[in-house]
There are 2 protein chains.
Amino acid sequence: MNFENEMQSRVDAINQLLKCYLPEQEGLQKTVLEAMSYSVDVGGKRLRPMFMQETYRMFGGTDSIVEPFMAAMEMIHTYSLVHDDLPAMDNDMYRRGKLTTHAVYGEAMGILTGDALLNCAFETVAKAFDMAMQREQETEDKTRACEVYRRIMRAYRTLAVRAGIFGMIGGQVVDVESDAKDAKPISREKLDFIYELKTGALLEASMEIGAILAGASEEELAVISEIASKVGLAFQIQDDILDVTSTLEVLGKPIGSDEKNNKSTYVTFEGLDKSRADVKRLSEEAVSQLDGLGRECTFLRELILFLIHRIK
Amino acid sequence: MNFENEMQSRVDAINQLLKCYLPEQEGLQKTVLEAMSYSVDVGGKRLRPMFMQETYRMFGGTDSIVEPFMAAMEMIHTYSLVHDDLPAMDNDMYRRGKLTTHAVYGEAMGILTGDALLNCAFETVAKAFDMAMQREQETEDKTRACEVYRRIMRAYRTLAVRAGIFGMIGGQVVDVESDAKDAKPISREKLDFIYELKTGALLEASMEIGAILAGASEEELAVISEIASKVGLAFQIQDDILDVTSTLEVLGKPIGSDEKNNKSTYVTFEGLDKSRADVKRLSEEAVSQLDGLGRECTFLRELILFLIHRIK
């Protein structure tokens, strides 16, 4: 199977998994349940759960305990998009060619759908705890049970912290403030902060959670964080490059939108050539560190290279 | 010490605790950190953490492990108010005589502050896990450690579920839909649903979490859920009664606002006399069930009666 087919089969499996973890669409609160499902369907590449699962597998993980975390991660990513698109934020009516959540369900429901997805992510993590408690009852091995509980609790903390004010939300706050009409031109410090937190934090958390749940060592975990950080930054720079160089048909969204919005990006600060060179350097470093871990990681390796060389 | 003094000293202690668990106001994302603290300060009576703590104590709990949950509960309650007040929702500029969060910080920051508080609640719960892990390391008693982990995980699930689509958010969704300009008059079924979920769910969760963390039995936990459900409903009906019978000065917000907003309440359906009788019946039942548990609960008992007889 070639890489793109393999990737598609993973995306399909993740979509299936998301369906299982999203609540049934019934009851008086049906609208928000529909809107949650709609929002998750609009979102796209399932990169974060994919990175989580591949990192988990790389460190020998074989259990279904990673699945609630994969679903939770995608719900958090989705909620952030739903709230980003709101009229008071980016005021976007379309995402990936489909109407955004608030465009379909109205602004109030857009806010509540985001809230519901964020909350549901943490409800979903509770299912990993339930699995572990079930396991404890079955085996009666308290030492092993404690070890599993600790892993899950640590994975949980990683998810919560990386999604919060010192993670994704923190980056989003600075981004919103920098975008304000009366804001000063963004400083390089702030741009780095936004890239690291707004886009980087969840990707890092995804790989870290995979490693934590599989029982990677502290040293391995540190390397995984570095790899994820480089991949996240390379991915973001590539996004900025594509905004300048791609075409509308390929990208599926207006090109040059950053320039039109007077938005400073990595390319504005560093120029196109340096930006391309940095993407190359970051991804080569990430892949070389990955190889250095000495684990089977063919798909993860290809996934990183694919993201960097993508044209949309 | 009389009851009101005792209550005030508990409110002070909870405010102190909230300060400890809210993040320091520094870094590039300072605005949202300030806004989180501002929002928590505006919110008021700290009833939910108080109910949690008292239930915990009633079942013999003495550990600080309940504290992160108390803080998390108040953060969730606060985020729900911040989002409720947004222009796309109730569009309220004042709460308890102070400007609402979006009125001070703008709409985008109002959305993000709510998100940050909800997320921070779950970050805060992670601190209870950390405490328990620390304890496991110190004692090396794996059986006891497993027991504590299970309690915390169950308390965590209770928090997440009761705050979510089958709890508070679910109630809020139905409330928003019923408030829409083109909505049909609300049915009794929907009103009950909203009362049970929007206002009841977090109060129930508060008492349940207190009981779970202290190791109450399943039977005791079931009684606690019933008590909390009755207290929550009585509290909400009392709110509706006050909206009709109180004065502006006493209540601190416009009276008759429900009628002006064409909002059907318990009083609309049942009339004032029946509503008053129901409050009395519900609170008497709750107190009698509480007494039936045979635990020391003087303050909790008085707290329930106080809430029912309050005039604002």
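Small disclaimer: the values here were computed from a predicted structure and weren't measured.

## What to know about the overall build of chain A
- Helix and strand counts for chain A come out as 14 helices and 2 strands.
- A compact globule built from 312 residues would reach a C-alpha radius of gyration of about 20 Å, and chain A, at 20 Å, matches this within 12%.
- Judged by the C-alpha coordinates and their principal axes, chain A covers about 60 × 55 × 40 Å.
- The burial tally for chain A puts 56% of its 312 residues in the buried class.

## Describing the environment of Leu305(A)
Residue and element names in this part refer to chain A.
- Relative to the helices and strands, Leu 305 resides in helix H14 (residues 298–309).
- Judged by its relative accessible area of 27%, Leu 305 is partly exposed.
- Sequence spacing of Leu 305 and Ser 288 is 17 residues, and the spatial spacing of their C-alpha atoms is 11 Å.

## A look at the relation of the copies chain B and chain A
- Rotating chain B by 180 degrees and translating it 0.0 Å along the rotation axis places it on chain A, where the RMSD comes to 0.0 Å. Read as a symmetry element, the transformation amounts to a two-fold axis.
- Here 100% of the interface residues in chain B have copies in chain A that are interface residues too; the copies meet face to matching face.

## A word on the interface of chain B and chain A
- Each side of the interface is counted separately: chain B has 56 residues, and chain A has 56 residues.
- Interface area for chain B against chain A, summed over the two sides, is near 5,100 Å², with a carbon-plus-sulfur share of 74%.
- When the area that chain B buries against chain A is broken down by residue, the three leading residues are Leu28(B), Gln29(B) and Ile165(B), summing to 14%.
- Remark: the boundary between chain B and chain A carries 4 salt bridges.
- Where chain B packs against chain A, one counts 14 residue pairs in polar contact (both at pLDDT 80 or more).
- Those elements that provide at least two residues to the side of chain B that touches chain A are helix H2 (30–42), helix H4 (66–84), helix H6 (107–139), helix H7 (142–163), helix H8 (168–179) and helix H9 (188–214) of chain B.
- If you tally residues by element for the side of chain B that touches chain A, the top one is H6(B), at 18 residues.
- Classifying every residue of the side of chain B that touches chain A by side-chain character gives 37 nonpolar, 8 polar and 11 charged.

## Concerning the pattern of salt bridges
Residue and element names in this part refer to chain A.
- Applying the stated criterion to the full structure yields 56 salt bridges over all chains.
- Of the charged contacts, one joins Arg 95 and Asp 85 as a salt bridge, the two residues approaching to 2.9 Å between their closest N and O atoms. Remark: Asp 85 occurs in the loop between helix H4 (66–84) and strand S1 (94–95) and Arg 95 occurs in strand S1; sequence separation between them is 10 residues.
- For Arg 95, a relative accessible area of 23% puts it in the partly exposed group.
- Owing to a relative accessible area of 4%, Asp 85 belongs among the buried residues under this scheme.
- The partner of Arg 281 in a salt bridge is Asp 278, and the shortest N-O contact between them spans 3.5 Å. You can see Arg 281 and its partner Asp 278 sitting in helix H13 (residues 266–292), 3 residues apart, about one turn around the helix.
- Take Asp 278: its relative accessible area is 4%, and that puts it in the buried class.
- When salt bridges that share partners are traced, they join Arg 188, Asp 192, Lys 230, Glu 270, Lys 274, Asp 278, Arg 281 and Glu 285 into one network.

## Side note on the packing of aromatic side chains
- According to the stated counting rule, one finds 16 aromatic pairs over all chains in the structure shown.
- Note on Phe3(A) and Phe299(A): the rings are 5.2 Å apart at their centroids and 35 degrees apart in plane angle, and the pair reads as tilted. In this pair, Phe3(A) is assigned in helix H1 (residues 3–21) and Phe299(A) in helix H14, connecting sequence segments 296 residues apart.
- By relative accessible area, Phe299(A) is classed as buried at 6%.
- Ring pairing ties together the aromatic residues Phe122(A), Phe129(A), Tyr156(A), Phe122(B), Phe129(B) and Tyr156(B), which thus form one cluster.
- Arg188(A) extends its terminal NZ or CZ atom over the ring of Phe269(A), reaching a point 5.8 Å from the ring centre.

## Focus: helix H7 (residues 142–163) of chain A
- The terminal C-alpha atoms of H7(A), which comprises 22 residues, lie 31 Å apart, in line with the 32 Å expected from a rise of 1.5 Å per residue.
- Where H7(A) begins, the capping side chain belongs to Asp141(A), and its oxygen is found 3.2 Å from the backbone nitrogen of Thr143(A).

## Section: the environment of Ala201(B)
Residues and elements named next belong to chain B.
- Here Ala 201 lies in helix H9.
- By relative accessible area, which is 2% here, Ala 201 ends up buried.
- Residues Ala 201 and Ser 229 lie 28 residues apart in sequence; the distance between their C-alpha atoms is 8.0 Å.
- In contact with Ala 201, not counting residues within four places along its chain, are Arg 162, Gly 167, Met 168 and Glu 196.

## Quick notes on a nonpolar patch on the surface
Residues and elements named next belong to chain A.
- On the surface, Met 93, Tyr 94, Leu 99 and Val 104 cluster together to form a nonpolar patch covering roughly 370 Å² of accessible area.
- Its location among the elements puts Val 104 in helix H5 (residues 101–105).
- For Val 104, a relative accessible area of 39% puts it in the partly exposed group.

## Concerning the packing of H7(A) against H7(B)
- In the contact formed by H7(A) and H7(B), the axes pass within 9 Å of each other and the chain directions differ by 35 degrees. Considering only the axes of H7(A) and H7(B), their crossing is left-handed. Side by side, H7(A) and H7(B) meet where Lys142(A), Thr143(A), Ala145(A), Cys146(A), Tyr149(A), Arg150(A), Met153(A) and Tyr156(A) of the first sit next to Lys142(B), Thr143(B), Ala145(B), Cys146(B), Tyr149(B), Arg150(B), Met153(B) and Tyr156(B) of the second.
- Of the residues contributing to the contact of H7(A) with H7(B), the split by class is 10 nonpolar, 2 polar and 4 charged.

## Brief notes about unusual backbone geometry
- Residue Asn91(A) is not a glycine yet carries a positive backbone phi of 50 degrees.
- Asn91(A) sits in the partly exposed class, given a relative accessible area of 43%.
- One non-glycine residue, Arg96(B), adopts positive backbone phi at about 50 degrees.
- Tracing the chain through its elements places Arg96(B) in the loop between strand S1 (94–95) and strand S2 (98–99).

## Focus on the side chain of Gln236(A)
Residue and element names in this part refer to chain A.
- Mapped onto the secondary structure, Gln 236 falls in helix H10 (residues 218–245).
- Polar side-chain contacts of Gln 236 include one of 3.2 Å to the side chain of Thr 199.
- Apart from the residues lying within four places of it in its own chain, the contact partners of Gln 236 are Tyr 195 and Thr 199.

## Some details on the side chain of Gln29(B)
- Looking at the secondary structure, you find Gln29(B) in the loop between helix H1 (3–21) and H2.
- Under the relative-accessibility criterion, Gln29(B) is labelled buried at 3%.
- Within polar-contact distance, the side chain of Gln29(B) engages the backbone oxygen of Ile165(A) at 2.8 Å.
- Those residues within four positions of Gln29(B) in sequence are excluded, and the remaining contacts are Ile165(A), Phe166(A), Gly170(A), Val173(A), Val174(A), Phe193(A) and Leu197(A).

Quick notes on the rules
- Residues numbered from 1 in each chain as written.
- Chains lettered and ligands numbered in written order.
- Predicted model: local features only at pLDDT ≥ 70, side-chain atom pairs only at ≥ 80, totals over all residues.
- Heavy atoms only, no water.
- Helix = DSSP H or I, 4+ residues; strand = E, 2+ residues; numbered from the N terminus.
- Rg over C-alpha atoms; globule rule 2.2 N^0.38 Å.
- Buried < 20%, exposed > 50% of the residue type's maximum accessible area, 1.4 Å probe, protein only.
- Least-squares fit on C-alpha atoms with pLDDT ≥ 70 in both.
- Contact = heavy atoms within 4.5 Å.
- Buried area = accessible area lost by both parts, 1.4 Å probe.
- Salt bridge = Lys/Arg side-chain N within 4 Å of Asp/Glu carboxyl O.
- Polar contact = N/O pair within 3.5 Å; in protein donor to acceptor, adjacent residues only side chain to side chain.
- Nonpolar A, V, L, I, M, F, W, Y, C, P; charged D, E, K, R; others polar.
- Phe/Tyr/Trp six-rings, centres within 6.5 Å; stacked < 30°, edge-to-face > 60°.
- Lys NZ or Arg CZ within 6 Å of the ring centre and 35° of its normal.
- Expected span 1.5 Å × (residues − 1).
- Patch = residues over 30% accessible without salt bridge, like charges linked within 9 Å, V, L, I, M, F, W, Y side chains within 5 Å.
- Areas by Shrake-Rupley, 256 points an atom, 1.4 Å probe, with all protein chains shown as cover.
- Axes fitted to C-alpha atoms, helices over the stretch in contact; angles between N-to-C directions.
- Left-handed = near helix turned anticlockwise from the far one by under 90°.

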